[in-house]
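Structural characterization, general
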Amino acid sequence: MESNIKEALTEEIISKAGELYGVSRDGLESLGGFENFVYEYQNGNNFYILRLAHSSHRLFEHVEAELEFIEFLHKNGGNVSNVIHSIEGNFLEKIKDNIGGYFTVCVFEKAPGTFVDRKAIDDDFNFMFGAAVGKLHRLTKTFEPIKKRYHWNEEDFIDIGRRNLSVEDAFVFKKAEDIVNKISTFKYDSDSYGLIHTDLHFGNMYYDNNILTFFDWDDSSYKYFISDIAIIIFYQFAFSNITEDEKEHRTKLFLDSFMPGYETENHLDFEWFYKLNDFLKLREIILYIVIIAAGEEMIQSGFGKMFLSKYRDRIKNDIPFLNINNILEKVKWKQ
């Protein structure tokens, strides 16, 4: 999040947020958060997640649309953490800040289980993972919302880049404009495009008894289904030191186990996989901008330094994330 948002959150606002859901300030344990403020609390034997989103990041009606979608997925068998209403029975609440904006407060059930142990990932896990994502995409085809979520290219990350990138990094938001313009030309229909999670990395899901539960739908938007698959691949390999050949081999193995599971729930035309690098490049650029916008603490962190140094030249020189043609020539699942 941009550094000025952090300054808007006061102890008074945190306490008020807790009161709206029947929990004291002392009962709220901070879990940090990259774009929002996230807290955990316990009520009886149950655990819950309270989230505050600033209006400069998400408008009230956009959060309302997010929660409507989550409840729809939950009611129809999607693996999601469901929404909890406030003590007044409201879907979500609003608290004004002292700088002319507001925070939107909402609460979710805490997902069962724990983060995925990457050492336990095998073909069976990836098949199950694919089926769970395929179900989300199948369900979104029948979703008829009352409140409308925005489309992916209505996000303001290019403007955030203009506000925060240095002259030396000005090429990044030009690259952002280029990739947005390119992807915007892709055809779309209900079989390739809908309201999706958009941020399916292992930090946004828990695993329990062979079931994945997906949470943190803050970035959900109308976008191409292939983007969710690109994000999964990105976060499996973006921060590793493996060779390009090894990344290519592991991506091929992943697709050969993930996609058969996905296809049990939803079909996605094979031609979309030739566009994976475009969505992977979009993620590189967005993450670069978000890290810079977060301020010096994030930039100077181990993660920030690693990402910025690794991906600056890749963005500047249009280096693709994958040798996608070579991978798709070898995959077996399409057969």
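Just above, that's the structure.
Residues numbered from 1 in each chain as written. Predicted model: local features only at pLDDT ≥ 70, side-chain atom pairs only at ≥ 80, totals over all residues. Heavy atoms only, no water.

Another point: the nonpolar core. Formed by 92 residues in total, the largest nonpolar core has its most connected members in Phe129, Phe214, Ile229, Leu255 and Phe273. In terms of residue count, helix H9 (residues 276–293) provides more of this core than any other element does, 13 residues in total. Sequence-distant contacts of Leu255, that is, excluding residues within four places in its chain, are made with Ile229, Ile233, Pro260, Phe273, Ile327, Val331 and Trp333. Formed by 20 residues, the second largest nonpolar core is a distinct cluster that contains Val23, Tyr39, Tyr41 and Ile95. (Core = buried A, V, L, I, M, F, W, Y, C linked by side-chain atoms within 4.5 Å. Buried < 20%, exposed > 50% of the residue type's maximum accessible area, 1.4 Å probe, protein only. Helix = DSSP H or I, 4+ residues; strand = E, 2+ residues; numbered from the N terminus. Contact = heavy atoms within 4.5 Å.)

Let us now look at the environment of Val105. Structurally, the position occupied by Val105 is in strand E6 (residues 102–109). Accessibility expressed as a relative area gives 0% for Val105, which makes it buried. Here the alpha-carbon distance between Val105 and Ser86, two residues 19 residues apart in the chain, equals 9.3 Å. Excluding anything up to four places from it in sequence, Val105 contacts Ala17, Tyr21, Leu50, Arg51, Leu52, Leu92, Glu93 and Ile95.

What follows deals with a negative patch on the surface. Together, Asp189, Glu263, Asp269 and Glu271 give the surface a local cluster of negative charge. Along the polypeptide, Asp269 turns up in the loop between helix H8 (244–262) and H9. (Patch = residues over 30% accessible without salt bridge, like charges linked within 9 Å, V, L, I, M, F, W, Y side chains within 5 Å. Areas by Shrake-Rupley, 256 points an atom, 1.4 Å probe, with all protein chains shown as cover. Salt bridge = Lys/Arg side-chain N within 4 Å of Asp/Glu carboxyl O. Lys, Arg positive; Asp, Glu negative; His and termini not counted. Charge placed at Lys NZ, Arg CZ, Asp CG, Glu CD.)

Here the focus is unusual backbone geometry. Of note, Asn210 is a non-glycine position whose phi angle comes to about 65°, a positive value. As for its placement among the helices and strands, Asn210 is situated in the loop between strand E8 (205–208) and strand E9 (211–214).

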